[in-house]
Protein chains: 2
Amino acid sequence: MGRKRLQESADGRPTVHTVAARAGVSIASASRVLNGVGGSPETIRKVRAAAAEVGYVPNAIARSLQSQRTGLVALAVEDIGNPVYVAMMRAIEAVVASSGRQLVVHATGGRIDNEMTLLRRLANRYVDGMIISPIRVTDDHLGALAGSPVPVVVIGQLGADAPVDNVRTDSRRGVALAVDHLLATGRRRIGFVNGPLDTVPGAARDAGFRAALARHGIHLDEDLVEVGDFQYAAGRAAALRLLARASPDALVCANDLIAVGALHALLAAGRRVPEDVALVGMDDTELAQMMFPQLSSVSLGSAERGRRAAELLLQRIADPTLPPRREQVPPSLAVRASSGTTLPAARPSADPLDGPTAPTPTHPSSEGVTA
Amino acid sequence: MGRKRLQESADGRPTVHTVAARAGVSIASASRVLNGVGGSPETIRKVRAAAAEVGYVPNAIARSLQSQRTGLVALAVEDIGNPVYVAMMRAIEAVVASSGRQLVVHATGGRIDNEMTLLRRLANRYVDGMIISPIRVTDDHLGALAGSPVPVVVIGQLGADAPVDNVRTDSRRGVALAVDHLLATGRRRIGFVNGPLDTVPGAARDAGFRAALARHGIHLDEDLVEVGDFQYAAGRAAALRLLARASPDALVCANDLIAVGALHALLAAGRRVPEDVALVGMDDTELAQMMFPQLSSVSLGSAERGRRAAELLLQRIADPTLPPRREQVPPSLAVRASSGTTLPAARPSADPLDGPTAPTPTHPSSEGVTA
DNA sequence: CCGATCGCTGTAAACGTTTCCGGCGAGTCT
DNA sequence: AGACTCGCCGGAAACGTTTACAGCGATCGG
């Protein structure tokens, strides 16, 4: 007598057929009241009761197949351990959740092939859209992005002509903010610990650093520039290499992980921060504020970029015919203890032991000074 | 002449019908060769060619509906910003990916209602299974877990009789490791900065701390115990409160975020670490090694727990009839600079300035000493 | 040389929803 | 009173796959 099983799913769970049969109505009616559209008071009552009795829960997959949307949005970033991406993710998650969708996170490790695989997989429609923050951009990327069957928005620099929704910041200007600040507080031998130059952010920050120094008419001593990758360990190692051959009085780091590594290297080498060496990180993650002394950091508006990217994506999902849009989030500088003291440039040695002092924030938030 | 569109999906993308028609075979044959099962050399050639020409990519949703599996696995943790969960997630992701599945990450914020919503949503089958690490466990949880229509494994303590796959550690013993180590290195006034007592880990760590002191016959001064939540800011605030009313010579913290907060509080208060106050964190995250001095930390084997949980889950997905299993990962202590010096307990003041020294690691990895 | 076997194929039925469409009874307007 | 609208209902067709089943020609063994 196993013929009535047409009404329930393979594993014995109730389907819309089950509740329809139990309520004595058609599956069409059952589906309608379950979706809250139409139905007479009487059928509504019967269907609701039946659904409750059997513990009916609609099957998300079947619904997706019918509605052509999964309710999922993907986020692809290089390294989920980097707090900047955590911040971005939180912001994205907030707006995505407000549209009733869920976020799927992918860590690409910055590997091009991983990213391409992800982009190709988009074609099978397992998500409604994707936000990707590629660290390197190739022609293959651009092709895949332009030809993507589902909406994609890119966080980060992209070719000017790429017909893709894009939210970016100006990290060249961000580096300039740091350099200006350090020069203004009396630093003269400013070092730079960067990430790989073959990445988009690495190249931009390198260009920004050189341009900023040039603008001030300062000759760049190449011994003061060091490159690793965007991780803590590499930042620490790179800073150690730099310290072994030069003695900067300030260090700009291409992100906060590197800055934390550099701080470690400086303290281990017996340099005081900020008295001997001022330190400025980048991305203004929560990590910067956890350090002692707290790190100055260039905010690239990660949360804001994430929020905007998510909004762009939702808009495009709603209306795929929108023209490609581009948004820009300006950088700002949060000055904290790690660069908070002005060097006694001309001053004779006064206050040799004034220690790390808190900056006087004029920033609306508690984060520091916006330059 | 729009009748041939039966062959392509609503948005004009090719379906199996498209390639079948183009190859001049039935959809069954097309599907077979696309799945690499069966087909004569000639049909294989034709179908492959047709698929390539039209750029066919199978629709994941339709496939899921048919196969009753989505290829997704969910992970629910309290706070994705906590590096311990990042480590766990990386480990899980690795084994999950090796089975061809993808990971969906949810941040619950430790809120019971969020977790219950997640658990209930499981019933709609949008994932093949779930790993959850609840910070508080209620009867509702247990009910939802036991009655879950898809496999679930829990990371963390759970009632002994709960019929749910479970991997745990012994954080009471973890705290004991820290206390033993501090006592052995001459510390006497050991403070404790914990998370909320109404959480499972908070309660366990509190019990562990008290038991460890009792075992050594030490009376616990309640002034040396402080509670916040498991975040950095709360840890820092709690440590400041504690320092304002007591002067410990060592501090055990319920996780690394708290420990980093405490380090900040100690340094800001002018206490030297480890000379004046030794510091031991918990979870042994990468954060512990980023600090200066590097933090000793009790490893609770997060990566290992994640790995095992993922394996349990995959096994259960493969065979849902398995009996509930329980695995335990032992804690260990990584000793680093923040507690690396032995106090000159009886010794007169020798080497007043020996500074933070690196421990001599006997641990197989570079992480420190296993106690 | 004929029946069994085997490899391949196409038809059609699933998977669980949503939704189009025609039917039908009750009301409304003229 | 008849034509019309209107709300509700059920049958059936989607959505795009995989797969059970049956048919069919060729090969093989006796």
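All values reported here derive from a predicted model rather than from experimental measurement. (Residues numbered from 1 in each chain as written. Chains lettered and ligands numbered in written order. Predicted model: local features only at pLDDT ≥ 70, side-chain atom pairs only at ≥ 80, totals over all residues. Heavy atoms only, no water.)

Topic: the overall build of chain A
The criterion, for reference: Helix and strand assignments follow DSSP, with helices taken as H or I runs no shorter than four residues and strands as E runs no shorter than two, numbered in order from the N terminus. This radius of gyration counts C-alpha atoms alone. The globule rule is 2.2 Å times how many residues there are, raised to the power 0.38. Each residue's exposure class comes from its accessible area (1.4 Å probe, protein chains only) as a fraction of the maximum for that residue type: buried when under 20%, exposed when over 50%, partly exposed otherwise. All accessible-area figures derive from a Shrake-Rupley calculation using a 1.4 Å probe, and residue coverage is judged against the displayed protein chains alone. Charge assignment in this entry is limited to Lys and Arg as positive and Asp and Glu as negative, and neither His nor the chain termini are counted. Charge coordinates come from a single atom per side chain, which is NZ of Lys, CZ of Arg, CG of Asp or CD of Glu.
Regarding its fold elements, chain A presents 13 helices and 12 strands. Scaling as 2.2 N^0.38, a compact globule of 371 residues should have a C-alpha radius of gyration of about 21 Å, whereas chain A reaches 27 Å, well beyond that. In terms of its C-alpha atoms, chain A occupies a principal-axis envelope of roughly 95 × 45 × 35 Å. Here chain A, with 371 residues, has 53% of them falling under the buried criterion. As presented, chain A carries roughly 15,600 Å² of accessible surface, and 54% of it is formed by carbon and sulfur atoms. Charged side chains of chain A number 40 positive and 37 negative; the gap between the two group centres comes to 9 Å.

A short note on the protein's contact with DNA strand C
Stated formally: Neighbouring residues are identified by heavy atoms, a residue being near a molecule or strand if any of them is within 4 Å of it. Any pair of nitrogen or oxygen atoms within 3.5 Å is treated as a polar contact; in protein, a donor-acceptor pairing is required on top of that, and neighbouring residues in sequence qualify only through side-chain atoms on both sides. Under the scheme applied here, ten amino acids are nonpolar (Ala, Val, Leu, Ile, Met, Phe, Trp, Tyr, Cys and Pro), four are charged (Asp, Glu, Lys and Arg), and all others, including Gly, are polar.
By nearness alone, 29 residues border DNA strand C, and S9, V16 and S31 of chain A together with S29 and T43 of chain B come closest of all. If you look at DNA strand C and keep only atoms within 4 Å of the protein, 61% of those are sugar or phosphate atoms. Measuring from a phosphate oxygen of DNA strand C, one finds a backbone N or O atom of V16 of chain A at 2.7 Å. At a separation of 2.7 Å, a phosphate oxygen of DNA strand C approaches a polar side-chain atom of S29 of chain B. Taken together, the elements giving at least two residues each to the surface near DNA strand C come down to α1 (16-23), α2 (27-34) and α4 (60-67) of chain A together with α2 (27-34) and α4 (60-67) of chain B. In the surface near DNA strand C, the residues fall into 12 nonpolar, 14 polar and 3 charged.

Regarding the confidence of the model for chain A
Residue and element names in this part refer to chain A. Condition: Confidence of the prediction at every residue is given by pLDDT, a number between 0 and 100. In what follows, residue pairs with any heavy atoms lying within 4.5 Å of each other are defined as contacts.
In this model, chain A carries a mean pLDDT of 90, and residues with pLDDT of at least 70 account for 91%. In the model, residues 1-5 has pLDDT below 50 throughout and makes 1 contact with residues more than four positions away in sequence or in other chains. When the criterion is pLDDT under 50, residues 346-368 qualifies, and its contacts beyond four places in sequence or with other chains add up to 28 contacts.

A word on the domain arrangement of chain A
Residues and elements named next belong to chain A. To be explicit about the condition: The split of the chain into domains comes from an automatic or database domain assignment. Buried area: the accessible area, evaluated with a 1.4 Å probe, that two parts lose upon being put together, summed over both parts. One side-chain nitrogen of Lys or Arg within 4 Å of one carboxyl oxygen of Asp or Glu is enough to make a salt bridge.
Per the domain assignment, the segments of chain A are domain 1 (4-58), domain 2 (68-169 + 303-329) and domain 3 (171-300 + 332-339). Once you take the C-alpha centre of each, domain 2 and domain 3 turn out to be 29 Å apart. With 13 residues of domain 2 at the interface, the matching set in domain 3 holds 14 residues. Between domain 2 and domain 3, a total of about 1,100 Å² is buried, with carbon and sulfur atoms accounting for 55% of that surface. Of all residues in domain 2, P83, I135 and R136 give up the largest surface area on contact with domain 3, accounting jointly for 40% of the area buried on that side. At the boundary of domain 2 and domain 3, one finds 2 salt bridges. Taken together, the connections running from domain 2 to domain 3 amount to 3 residue pairs in polar contact (both at pLDDT 80 or more). Element by element, the count of residues in the side of domain 2 that touches domain 3 is highest for helix α5 (residues 83-98), at 3 residues. Broken down by class, the residue content of the side of domain 2 that touches domain 3 amounts to 5 nonpolar, 3 polar and 5 charged.

Side note on the protein's contact with DNA strand D
Close to DNA strand D lie 28 residues, the nearest being S29 and T43 of chain A together with S9, V16 and S31 of chain B. With respect to DNA strand D, the backbone of S26 of chain A contributes an N or O atom lying 3.0 Å from a phosphate oxygen. In the environment of DNA strand D, a phosphate oxygen lies 2.8 Å from a nitrogen or oxygen atom belonging to the side chain of T43 of chain A. Elements represented by at least two residues in the surface near DNA strand D include exactly α2 and α4 of chain A together with α1 (16-23), α2 and α4 of chain B. With 4 residues, α2 of chain B is the single largest residue contributor to the surface near DNA strand D. Here the surface near DNA strand D is built from residues that sort into 11 nonpolar, 14 polar and 3 charged.

Quick word on the interface of chain B and chain A
Every contact between the two is made by 45 residues of chain B and, on the other side, 45 residues of chain A. At the boundary of chain B with chain A, total buried surface from both sides reaches about 3,800 Å², with 65% on carbon and sulfur atoms. The three residues of chain B that bury the most area against chain A are I61, M290 and F292 of chain B, which together make up 18% of that side's buried surface. Summed over the shared surface of chain B and chain A, the result is 2 salt bridges. Summed over the shared surface of chain B and chain A, the result is 10 residue pairs in polar contact (both at pLDDT 80 or more).

Some words on unusual backbone geometry
The omega torsion across V273 of chain A and P274 of chain A is 10°, close enough to zero to call that bond cis. Position of P274 of chain A relative to the elements: it lies in the loop between α11 (256-268) and β9 (278-282). With a phi angle near 50°, D284 of chain A is a residue other than glycine that sits in the positive phi range. Checked against the element boundaries, D284 of chain A lands in the loop between β9 and α12 (286-290). On the basis of relative accessibility, which here comes to 12%, the residue D284 of chain A falls in the buried class. Unusually for a residue other than glycine, Q68 of chain B sits at a positive phi of about 65°.

Quick notes on the pairing of strand β8 (residues 250-253) of chain A
All names here are of chain A. Just so we agree on the cut-off: Any two strands are treated as partners once DSSP identifies two or more bridges connecting them.
With burial as the criterion, each face of β8 is covered, one bearing A250 and V252 and the other bearing L251 and C253. Pairing of strand β6 (residues 190-194) with β8 involves 4 bridges; the strand directions are parallel. Looking at the pairing, F192 lines up with V252 of β8. Bridge count for β8 against β9 is 3 bridges, and the pairing is parallel. Bridging from a neighbouring strand, L251 pairs with L279 of β9.

Some points on the packing of aromatic side chains
The test is simple: Pairing of aromatic rings covers Phe, Tyr and the six-membered ring of Trp, with a centre-to-centre limit of 6.5 Å; geometry is then stacked below 30 degrees between planes, edge-to-face above 60, and tilted otherwise. Placement of a positive charge over a ring is assigned whenever Lys NZ or Arg CZ falls within 6 Å of the ring centre and within 35 degrees of the normal to the ring plane.
Counted by the stated rule, this structure contains 2 aromatic pairs over all chains. With centroids separated by 4.6 Å and ring planes inclined at 20°, the aromatic side chains of F192 of chain B and F209 of chain B adopt a geometry described as stacked. Placement of F192 of chain B in strand β6 (residues 190-194) and of F209 of chain B in helix α9 (residues 200-215) is noted, with a sequence separation of 17 residues between them. Like F209 of chain B, F192 of chain B is buried. Its guanidinium or amino end placed over the ring of Y126 of chain A, R121 of chain A lies 5.2 Å from that ring's centre, counting from NZ or CZ.

Topic: the relation of the copies chain B and chain A
Stated precisely, the cut-off is as follows: Least-squares fitting of one copy onto the other uses the C-alpha atoms of those residues that reach a pLDDT of at least 70 in both copies.
Superposing chain B onto chain A requires a rotation of 180° together with a translation of 0.0 Å along the rotation axis, leaving an RMSD of 0.1 Å. Viewed as a symmetry operation, the transformation between the two copies matches a two-fold axis. It is V104 of chain B whose C-alpha, among those of chain B, lies nearest the rotation axis, at 2.5 Å. When you check the interface residues of chain B against chain A, 100% turn up at the interface there too, and the contact is symmetric in its surfaces.

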